[in-house]
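Working through the structure, step by step
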Amino acid sequence: MGSILKYQKNATILVCVWNREHKSIEEDYVCSFNQEIGYGKKTRKFFNLINFIKYSKKVVKDFEPNYIHCIDFEMLFTGVVIGRGKEKIYEVYDIKFISNNLLNSLREFIEFNLINSSTSNLLLASPYFKKYYNKVCTGYG
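Here is a short report on the structure shown in this document. (Residues numbered from 1 in each chain as written. Predicted model: local features only at pLDDT ≥ 70, side-chain atom pairs only at ≥ 80, totals over all residues. Heavy atoms only, no water.)

What follows concerns the packing of helix α2 (residues 42-63) against helix α3 (residues 73-82). Running from N to C, α2 and α3 cross one another at 45°; their axes reach a closest spacing of 9 Å. Relative to α3, α2 is oriented oblique. Crossing angle aside, the handedness with which α2 passes α3 is right-handed. Note on element contacts: α3 touches α2 through Glu74, Met75, Phe77, Thr78, Val81 and Ile82, opposite Lys45, Leu49, Phe52, Ile53, Ser56, Lys57 and Val60. Partitioned by chemical class, the residues of the contact of α2 with α3 number eight nonpolar, two polar and three charged. (Axes fitted to C-alpha atoms, helices over the stretch in contact; angles between N-to-C directions. Helix = DSSP H or I, 4+ residues; strand = E, 2+ residues; numbered from the N terminus. Parallel < 35°, antiparallel > 145°, perpendicular 65-115°, else oblique. Left-handed = near helix turned anticlockwise from the far one by under 90°. Contact = heavy atoms within 4.5 Å. Nonpolar A, V, L, I, M, F, W, Y, C, P; charged D, E, K, R; others polar.)

Counting residues in hydrophobic clusters, the biggest one holds 23 residues, and the most contacted among them are Leu76, Tyr90, Val92, Ile115 and Tyr133. For this core, the elements supplying multiple residues, two or more each, are α2, β3 (67-71), α3, β4 (87-92), α4 (101-118) and α5 (128-134). In terms of residue count, α2 provides more of this core than any other element does, four residues in total. Discounting residues that sit within four places of it in the chain, Tyr90 has contacts with Cys70, Asp72, Phe73, Leu76, Glu111, Ile115, Thr119, Asn121, Leu122, Leu123 and Tyr133. (Core = buried A, V, L, I, M, F, W, Y, C linked by side-chain atoms within 4.5 Å. Buried < 20%, exposed > 50% of the residue type's maximum accessible area, 1.4 Å probe, protein only.)

We now examine the environment of Leu49. Note on placement: Leu49 falls in helix α2. The exposure class assigned to Leu49 is buried, which follows from its relative accessible area of 13%. Residues Leu49 and Lys23 lie 26 residues apart in sequence; the distance between their C-alpha atoms is 18 Å.

Moving on to the sheet that holds β4. With parallel pairing, three strands are arranged side by side in an open sheet as β3-β4-β5. In this open sheet, the two strands that pair with only one neighbour each are β3 and β5 (121-124). Taking the axes of each pair of neighbouring strands and ignoring which way they run, one obtains an average angle of 20° across the sheet. Inspection of the sheet shows β4 paired to β5 by four bridges, in the parallel sense. For Ile89, the partnering residue across the bridge sits in β5 and is Asn121. (Pairing = 2+ DSSP bridges.)

This part is about α4. A rise of 1.5 Å per residue sets the reference length of α4, with its 18 residues, at 26 Å; its end C-alpha atoms lie 25 Å apart and thus fit the reference within 8%. Within the sequence span of α4, burial applies to Asn104, Arg107, Glu108, Glu111, Phe112, Leu114, Ile115 and Ser118. Down the axis of α4, the buried set is contained in an arc of 170°. They therefore lie on one face. Along α4, exposed side chains directed more than 90 degrees from the buried face belong to Leu102, Phe109 and Ser117. Buried positions along α4 lie against α3, β4, β5 and α5. For α4, the N-terminal capping position is held by Asn100, with its side-chain oxygen 2.9 Å away from the main-chain nitrogen of Leu102. (Expected span 1.5 Å × (residues − 1). Arc of directions from axis to C-beta. Polar contact = N/O pair within 3.5 Å; in protein donor to acceptor, adjacent residues only side chain to side chain.)

Further remarks concern the packing of aromatic side chains. Taken as a whole and assessed by the stated rule, the structure comprises eight aromatic pairs. With a centroid separation of 6.1 Å and an interplanar angle of 55°, the aromatic rings of Phe33 and Phe52 are classed as tilted. Within this pair, whereas Phe33 is found in strand β2 (residues 30-34), its partner Phe52 is found in helix α2, the two being separated by 19 residues in sequence. Neither Phe33 nor Phe52 differs from the other in exposure class; each is buried. Both rings, one in Tyr132 and one in Tyr133, keep their centres 4.9 Å apart while their planes meet at 90°; by these two values the pair is edge-to-face. As far as the burial class goes, Tyr132 and Tyr133 line up, both buried. (Phe/Tyr/Trp six-rings, centres within 6.5 Å; stacked < 30°, edge-to-face > 60°.)

Have a look at this one:
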């Protein structure tokens, strides 16, 4: 958040998080969707994603942001669903490969198509990610 404010001093930032351990959130710039499903539970996360999307859609409607900054694949998907007409920034700090080749190919296909069709900026946490994303993502060279 500090890096955004460094370049956009008058920006108003709201962070919408999916708090899957229902921990207390202290920051006043954070709105939190609280559940007690835990982390690392992919099936529970998958079946509760629609609840987070509904919550996020209401937050975006009320806040009316110019940009939606999405970190990781699930949030990119959420950002695309809830943020029609808004610019999306996609940040990758870890590539979450799936051990099943078919499922991983499906994840890549969806992710790369969402990046190419719906994002204005791609932020990569590692220079090594550039080679992986440059092979299929256009306009981010």
